[in-house]
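Below are the chains, spelled out letter by letter.
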Amino acid sequence: MTKKIDPCTLVLFGASGNLSRIKLIPGLFRLDVAGRLPDHMAILSVGRGEVSREAWQADIKSMLDAKFKNGYDQKVFERFIARNHYQANPPTDPDAFTKMKSVLSNESIFPQNLAYFLSVRPTDFAPVVEQLSGVGLLDESKYWRRVLIEKPFGTDLASAKDLQAKITKHLKESQIYRIDHYLGKSALQNVMLTRFTNAMFEPLWNNQYIDHVQITNNEILGVGDRTQFYDSTGALRDMVQSHLLQTLALVAMEKPTNLSPDSIRTEKIKLLESIRPIPVNELSKHTFRAQYAAGRVCVADGHGENVPGYLEELAKEGVNESVTETYAALKLFIDNPRWKGVPFYIRTAKRMHEGNTAISIRFKKAPMQLIEGQHQNWLTLNIQPRECIKMEIESKIPGLDIATRTLSIDAPQRQQGDETIDSYESLMLNLMEGDPSLYLHINEVEAQWRLVDPVVKAWMADRSPVHQYRAGSRDPVESSVIFETKDQFWRYSIELGGDKH
Ligand code: BG6
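Owing to the predicted nature of the structure, the values given are computational and were not obtained by experimental measurement. (Residues numbered from 1 in each chain as written. Predicted model: local features only at pLDDT ≥ 70, side-chain atom pairs only at ≥ 80, totals over all residues. Heavy atoms only, no water.)

Draft legend 1. Quick look at the overall build of the protein. Along the protein, the regular secondary structure elements total 14 helices and 17 strands. Taking 2.2 N^0.38 as the reference for a compact globule, 501 residues should give roughly 23 Å; the C-alpha atoms of the protein span a radius of gyration of 24 Å, in line with that estimate. Judged by the C-alpha coordinates and their principal axes, the protein covers about 80 × 50 × 45 Å. Counting over 501 residues, the protein shows a buried share of 53%. Nonlocal contacts in the protein, meaning residues at least 24 apart in sequence, comprise 75% of its contacts between residues at least 6 apart. The averaged location of the 63 negative side-chain charges in the protein is 2 Å from the averaged location of its 61 positive side-chain charges. (Helix = DSSP H or I, 4+ residues; strand = E, 2+ residues; numbered from the N terminus. Rg over C-alpha atoms; globule rule 2.2 N^0.38 Å. Buried < 20%, exposed > 50% of the residue type's maximum accessible area, 1.4 Å probe, protein only. Contact = heavy atoms within 4.5 Å. Lys, Arg positive; Asp, Glu negative; His and termini not counted. Charge placed at Lys NZ, Arg CZ, Asp CG, Glu CD.)

Draft legend 2. Structural context of the packing of helix α6 (residues 157–167) against helix α14 (residues 442–461). One way to put it is that α6 packs onto α14 with a least axis distance of 9 Å and a crossing angle of 160 degrees. By the criterion of interaxial angle, the relationship of α6 to α14 is roughly antiparallel. Of the residues in α14, those touching α6 at Leu 157, Ala 160, Lys 161 and Gln 164 are Ile 442, Val 445, Glu 446, Trp 449, Arg 450 and Asp 453. Looking at the contact of α6 with α14 residue by residue, the classes come out as five nonpolar, one polar and four charged. (Axes fitted to C-alpha atoms, helices over the stretch in contact; angles between N-to-C directions. Parallel < 35°, antiparallel > 145°, perpendicular 65-115°, else oblique. Nonpolar A, V, L, I, M, F, W, Y, C, P; charged D, E, K, R; others polar.)

Draft legend 3. Quick look at the pattern of salt bridges. One pass over the full model with this rule turns up 35 salt bridges. Taking the shortest distance from any N to any O, the salt bridge between Asp 32 and Arg 79 comes out at 3.0 Å. With Asp 32 in helix α1 (residues 18–33) and Arg 79 in helix α3 (residues 74–83), the pair connects residues that are 47 residues apart, well separated along the chain. With relative accessibility at 0%, the residue Asp 32 sits in the buried group. A relative accessible area of 40% means that Arg 79 is categorised as partly exposed. Its salt-bridge partner being Lys 390, residue Glu 392 comes within 4.0 Å of it at the nearest N-O pair. Just as Glu 392 is buried, Lys 390 falls in that class too. Each of Arg 195, Glu 202, Glu 254 and Arg 338 takes part in a single network of salt bridges with overlapping partners. (Salt bridge = Lys/Arg side-chain N within 4 Å of Asp/Glu carboxyl O.)

Draft legend 4. Summary view of the nonpolar core. Counting residues in hydrophobic clusters, the biggest one holds 102 residues, and the most contacted among them are Phe 13, Tyr 116, Leu 248, Phe 344 and Ile 359. Top element by residues in this core is helix α9 (residues 234–252). It accounts for eleven residues. Ignoring sequence-local partners within four residues, the contact set of Leu 248 consists of Ile 215, Leu 271, Ile 275, Leu 332, Ile 334, Phe 344 and Ile 346. Cys 8, Ile 25, Leu 28 and Tyr 424 belong to the second-largest nonpolar core, a separate cluster that totals 38 residues. (Core = buried A, V, L, I, M, F, W, Y, C linked by side-chain atoms within 4.5 Å.)

Draft legend 5. Spotlight on the sheet that holds strand β15 (residues 388–396). Across the sheet, which stays open at both edges, the nine strands sit in the order β16-β15-β14-β13-β7-β12-β11-β8-β17 with mixed pairing between neighbours. The open sheet terminates on both sides in strands that have one partner only, identified here as β16 (404–412) and β17 (468–470). The sheet shows a mean angle of 20 degrees between the axes of neighbouring strands, taken without regard to direction. Two elements, strand β8 (residues 287–293) and β17, share three bridges in a ladder whose sense is parallel. Paired with Tyr 292 across the strands is Tyr 469, a residue of β17. Of the strands in this sheet, β13 (356–363), β14 (378–384) and β15 are in contact with helix α7 (residues 186–196), which crosses β14 at around 145 degrees. In the packing of α9 onto the sheet, the strands contacted are β7 (210–218), β11 (327–332), β12 (344–349) and β13, and the crossing angle to β12 comes to about 140 degrees. (Pairing = 2+ DSSP bridges.)

Draft legend 6. Molecular detail of a nonpolar patch on the surface. Residues Met 368, Leu 370, Ile 371 and Ile 402 make up a contiguous nonpolar surface patch of roughly 450 Å² in combined accessible area. Summarising the element assignment, Ile 402 is placed in the loop between β15 and β16. (Patch = residues over 30% accessible without salt bridge, like charges linked within 9 Å, V, L, I, M, F, W, Y side chains within 5 Å. Areas by Shrake-Rupley, 256 points an atom, 1.4 Å probe, with all protein chains shown as cover.)

Draft legend 7. Quick peek at the confidence of the model for the protein. With 98% of its residues at a pLDDT of at least 70, the protein reaches an overall mean of 95. Across residues 496–501 the pLDDT falls below 50, and counting only partners more than four positions away or on other chains, this stretch makes 13 contacts in the model. (pLDDT = per-residue confidence, 0-100.)

Draft legend 8. Local environment of the site of the ligand. Every residue lining the ligand is accounted for by Lys 151, His 181, Tyr 182, Lys 185, Glu 219, Arg 226, Asp 238, Met 239, His 243, Lys 350 and Gln 384. One of the side-chain N or O atoms of Lys 151 is found 2.8 Å from an oxygen atom in the ligand. Separating an oxygen atom of the ligand from a side-chain N or O atom of His 243 is a distance of 2.7 Å. In the complex, the protein chains occlude 76% of the 400 Å² of accessible area that the ligand would expose alone. Tallied by class, residues from the shell around the ligand come to two nonpolar, three polar and six charged. (Near = heavy atom within 4 Å. Polar contact = N/O pair within 3.5 Å; in protein donor to acceptor, adjacent residues only side chain to side chain.)

Spelled out as structure tokens, the structure:
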């Protein structure tokens with residue numbers, strides 16, 4: 001369904017940063033190519049440096065050239081480039097926001113519905129909101145004004161509450177768009193649709209039939225040039241606090257009354273609030289953390305590359321000790337009738353043998369067991385890199401004997417000719433449409449921090465050396481301490497047969 005978008009201006013703070021150059025500006029261009037931007041729509045890029053409009057437009061061309069190596073439509077390019085403007089906002093200039101207001105007040109160039117995308121340092125979220133408000137740029141008496149806040153929304157519950165208190169002095173909840181880019185992924189949106197637009201899954205989606213659920217995000221990449229940020233963050237806060245808990249919410253929530261933003265968010269909030277807090281006195285049974293050591297990872301074309309360990313990367317930056325996890329695994333339980341007793345295992349890691357994000361669901365033992373250890377049914381909703389649904393079932397081996405083998409029914413979500421939409425593209429579109437369903441409500445953010453905070457604190461306090469895993473390897477065997485039963489094991493994206501430790 002294409003929704004109508006009012007004439008509007010997107011004000012992009014942090015326009016010269018990486019996210020903007022690699023995702024946001026090329027993403028806006030693709031929305032223009034797809035005919036999804038309204039005719040009256042302008043983009044005001046805001047950066048610290050003084051750059052002329054012409055120089056900025058030339059820079060945009062270089063971003064598009066880098067992204068779309070096979071070229072692009074020149075006519076759309078002309079239209080897109082004409083939408084783009086630049087405004088310097090040096091932190092040293094006390095009048096910077098007044099000047100921005102005066103630039104934006106030119107209605108013949110800038111439609112007055114304003115969407116601000118804050119792709120800035122988290123410490124700048126509140127000050128930018130405050131200054132926008134100070135010059136009247138958040139006033140909704142005639143036009144809508146929305147603010148998109150990048151992740152992370154706080155670094156723990158207290159700081160999230162503090163940020164919320166600061167920005168709600170100037171904004172209503174309906175004006176705040178807290179982003180989690182995972183919710184813009186089409187395969188993740190498909191989780192809710194798979195569950196509720198088919199009759200065959202919902203009856204089985206509960207503790208009567210499901211043995212356990214695994215939510216996995218594995219990456220081949222290491223921390224790269226983000227050592228400083230990563231070392232003060234860790235895998236739990238970086239990936240689990242929002243991306244993976246949101247994924248869990250979509251897998252486990254009850255059916256929303258309808259597809260309105262309120263209904264969806266109400267169900268997600270209920271679910272997140274019913275996850276049982278991890279018992280801090282039993283952390284070793286519920287959590288596992290590790291750091292990657294030097295090893296060899298698979299890079300493009302299947303080639304291997306030797307890579308340093310996390311602590312070595314930190315040492316180069318002058319940091320000699322760290323207990324920050326690059327691997328985190330958690331066991332969670334949901335205290336509601338549907339999920340009573342079903343463990344949800346969540347894990348994320350950098351520098352693994354493969355990059356894959358998936359939801360894997362193992363069903364309970366079948367009513368008829370022909371052999372001991374008979375394969376249990378699995379349903380995998382693979383999010384990336386392949387978007388697919390895979391179902392594993394037992395089936396008779398043709399022949400004289402009564403024996404079964406496991407068949408895999410693999411349904412790719414993507415078919416030839418389907419659009420490839422980056423998550424930021426769909427989320428920016430939602431921002432302009434005024435549809436917050438794929439954005440986080442403050443209650444979701446708070447529930448997520450409430451869950452991870454105690455573990456983060458306990459892990460930080462425990463300075464004993466952290467378990468090491470070789471870069472390019474699978475989950476450390478020791479991580480299996482969190483499994484409830486001996487027959488549970490980590491699933492990978494590979495084909496059947498070789499997926500047990
Ligand atoms: C980001 C994290 O939020 O998500 C990164 O900060 C991580 O560390 C990234 O690599 C993963 O996103 P995606 O879309 O590549 O799975």
